[in-house]
Amino acid sequence: MSKIDDIDKQILAFLHEDAYMSNKDMAQRLGMSPTPIHERIKRMEKDGVITGYKATINPNKLGKSLTVFCDISLKEHAAEYLKQFEEDVMNLSEVQECYCVSGHSDFLLKIVVADMDEYRDFILHKLASIKNIGNAQSHFVMNQIRNESILTWLNQEKTR
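These lines cover the structure that appears in this document, whether it is placed above or below. In this text the structure is predicted, and so the values were computed from the model without any measurement.

Cut-offs used in this document
Residues numbered from 1 in each chain as written. Predicted model: local features only at pLDDT ≥ 70, side-chain atom pairs only at ≥ 80, totals over all residues. Heavy atoms only, no water. Buried < 20%, exposed > 50% of the residue type's maximum accessible area, 1.4 Å probe, protein only. Helix = DSSP H or I, 4+ residues; strand = E, 2+ residues; numbered from the N terminus. Pairing = 2+ DSSP bridges. Axes fitted to C-alpha atoms, helices over the stretch in contact; angles between N-to-C directions. Phe/Tyr/Trp six-rings, centres within 6.5 Å; stacked < 30°, edge-to-face > 60°. Salt bridge = Lys/Arg side-chain N within 4 Å of Asp/Glu carboxyl O. Parallel < 35°, antiparallel > 145°, perpendicular 65-115°, else oblique. Contact = heavy atoms within 4.5 Å. Nonpolar A, V, L, I, M, F, W, Y, C, P; charged D, E, K, R; others polar. Left-handed = near helix turned anticlockwise from the far one by under 90°.

## Notes on the pairing of strand β3 (residues 107–113)
Most of β3 sits out of view: six of its seven residues are buried. Pairing analysis gives seven bridges linking strand β1 (residues 66–74) to β3, with the strands arranged antiparallel. Each residue of the ladder has a partner; that of Leu66, found in β3, is Val113. Sheet analysis places strand β2 (residues 95–100) next to β3, joined by five bridges and oriented antiparallel.

## A word on the sheet that holds β2
With antiparallel pairing, four strands are arranged side by side in an open sheet as β2-β3-β1-β4. Every interior strand has two partners, whereas the edge strands, β2 and β4 (133–140), have only one. Within the sheet, the average angular offset between the axes of one strand and its neighbour, ignoring direction, is 20°.

## Observations concerning the packing of aromatic side chains
One pair of aromatic rings is described through two measures. These are the centre distance and the angle between the planes. Applying the stated rule across the entire model yields three aromatic pairs. On the numbers, 6.1 Å between centres and 25° between planes, the contact of Tyr119 with Phe122 is stacked. On the criterion of helical spacing, the pair formed by Tyr119 and Phe122 is a turn pair, its members being three residues apart in helix α5 (residues 116–126). Ring plane angle 85° and centroid distance 5.5 Å describe the contact between Tyr119 and Phe140, whose orientation is recorded as edge-to-face. Residue Tyr119 is found in helix α5, and its partner Phe140 is found in strand β4; the two are separated by 21 residues along the sequence.

## What to know about the pattern of salt bridges
Scanning all chains against the criterion turns up nine salt bridges. Between Glu94 and Lys126 there is a salt bridge, with its nearest N and O atoms 2.6 Å apart. One end of the pair, Glu94, is in the loop between α4 (79–89) and β2; the other, Lys126, is in helix α5, with 32 residues separating them in the sequence. Residue Glu94 is classed as buried on the basis of its relative accessible area, which comes to 8%. Each of Asp5, Asp8, Arg40 and Arg43 takes part in a single network of salt bridges with overlapping partners.

## Some points on the packing of helix α1 (residues 6–17) against helix α3 (residues 34–46)
Contact pair α1 / α3: the axes reach a minimum separation of 11 Å and the direction vectors enclose 85°. Our classification of the angle between α1 and α3 gives roughly perpendicular. Contacts from Ile7, Asp8, Ile11, Leu12 and Leu15 in α1 reach Ile37, Arg40, Ile41, Arg43 and Met44 in α3. Residues of the contact of α1 with α3, tallied by class, amount to seven nonpolar, no polar and three charged.

## A word on the packing of α1 against helix α2 (residues 23–30)
Taken N-terminus to C-terminus, the directions of α1 and α2 make an angle of 130°; their axes are 11 Å apart at the nearest point. The angle between α1 and α2 falls in the class oblique. In the crossing of α1 with α2, the sense of the turn from one axis to the other is right-handed. Facing α1, whose interface residues are Ile7, Gln10, Ile11, Phe14 and Leu15, α2 presents Met26, Arg29 and Leu30.

Quick look at the structure:
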């Protein structure tokens, strides 16, 4: 694991907030020159701490206003069945995230669709076509309260 110090955490927070922020702007905020900022970013990319840069997209602006979390329980749990489910579900464009979880279900899917009609079609024609699903339980997002991933952790680490 890469050694991450407070300056690295601040750089990660800057990049998380605005991946286009220049090394010069980060350096000014941190009271440094741009070269060490550049070197730190390249090291964190090389070490796999930074895995890429992405645009944050508002699904509502693209007509996808319904987010559903779906618990999936499988009938059979042999390795080949788990692997097959993972392969099948990754071919479904509505599935934005898929997690293998512990507890009462085997997988948790984050599904984004336009509306309830599209979700019903997804369930009936796509998800139901995947073999070995024993149970699916849907949880409809009524309001997103928070959606901050690593930034929250970085801020908590600074206060320790």
